[in-house]
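Examination of the molecular architecture
Each chain is listed here by its residues.
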Amino acid sequence: MSPGARRLLRPAWLLSHLLVIGLVVVTANLGFWQLHRLDARRTYNAVVTARADHPVVSLAEAFGVLKRGGTPEDLRHVRVVVSGTWADGQVYLANRSMDGVPGVHVVSLLWINGVQSGAGAGVVVDRGFVHRGLFLEGDSAAWAPATADVELVGSLDVSRTGERGGGLEVDRIDLEALSERWGTSLAPMWIRASGDGTSGIPVAAPVVDLGAGSHLSYAVQWFVFTLIGLGGYPLVLLRLARRDPALA
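Residues numbered from 1 in each chain as written. Predicted model: local features only at pLDDT ≥ 70, side-chain atom pairs only at ≥ 80, totals over all residues. Heavy atoms only, no water.

1. Observations regarding unusual backbone geometry
Phi at H77 is positive, roughly 75°, even though this residue is not glycine. Of note, H77 is situated in the loop between helix 4 (72–75) and strand 2 (79–98). We classify H77 as buried; its relative accessible area is 4%. Backbone geometry places N95, a non-glycine residue, at a positive phi of 60°. Within the secondary structure, N95 sits in strand 2. Assessed through its relative accessible area of 75%, N95 is described here as exposed. (Helix = DSSP H or I, 4+ residues; strand = E, 2+ residues; numbered from the N terminus. Buried < 20%, exposed > 50% of the residue type's maximum accessible area, 1.4 Å probe, protein only.)

2. Side note on the pattern of salt bridges
Under the counting rule described, the total for this entry stands at seven salt bridges. Residues R181 and E163 are paired through a salt bridge, measuring 3.4 Å at the closest nitrogen-oxygen approach. In this pair, R181 sits in helix 6 (residues 175–182) while E163 sits in the loop between strand 5 (150–157) and strand 6 (165–166), placing the two residues 18 residues apart along the sequence. The partly exposed category is assigned to R181, whose relative accessible area is 34%. (Salt bridge = Lys/Arg side-chain N within 4 Å of Asp/Glu carboxyl O.)

3. A short note on the packing of aromatic side chains
As enumerated under the stated definition, the model contains five aromatic pairs in all. With centroids separated by 5.1 Å and ring planes inclined at 70°, the aromatic side chains of F32 and F223 adopt a geometry described as edge-to-face. A residue pair is termed long-range when its members are at least 10 positions apart, and F32 in helix 2 (residues 11–52) and F223 in helix 7 (residues 215–242) qualify at 191 residues. Taking the centre distance of 6.1 Å and the plane angle of 40° together, the rings of F135 and W143 count as tilted. The same class applies to F135 as to W143, namely buried. In this structure, R127 is placed above the aromatic ring of W86, and the distance from its NZ or CZ to the ring centre is 5.5 Å. (Phe/Tyr/Trp six-rings, centres within 6.5 Å; stacked < 30°, edge-to-face > 60°. Lys NZ or Arg CZ within 6 Å of the ring centre and 35° of its normal.)

Here it is in structure tokens:
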């Protein structure tokens, strides 16, 4: 073994070898993780698209799935129709945007026709987007819901716990927190309205971004780093092994 090669077996160099091997393993795993996330995103998009193509069902029919042992995830993005009357309860999802414009989502309580108030009669509805400037003007009449009975079509979505925010502005739809705020029991899922029959405000918000995201580009970046480690580091070691330590 040449003196240059023996130098690469010193403790400091052994530590360097282990560090590079560890980094190669980490970057390779991160690349595969991004590919797994890409697959999950594509699967999710396919489910959303398929459910959007299904015929609209009544809210009662949809919730029958839960009574038969289904879960809210089985109903996520299923399109439903429900008739009812808007209640006074209202909160706003803060820090939302549409086409790059900041704003809020108006979240209202709908009393379901044919169900007595207080007995699970209410369903939470995300009615859509309001421009931040209009919202700050404070004139809620601009996005007030209809006073008469409405028939609303929208897609079901799941609740998230851990509501944060101040006053009427919150960061998520937490059905447990809204039930306590409004003093009534609520349907087990909320509805993202496709439109509520108003003059166009709020603007119905899209279900989700069905793009593939940046997972593929991130995966490529991580695999490039892996290849650099696998190919570049051994070349550096080869050059060092061939170099005479006396000339270093």
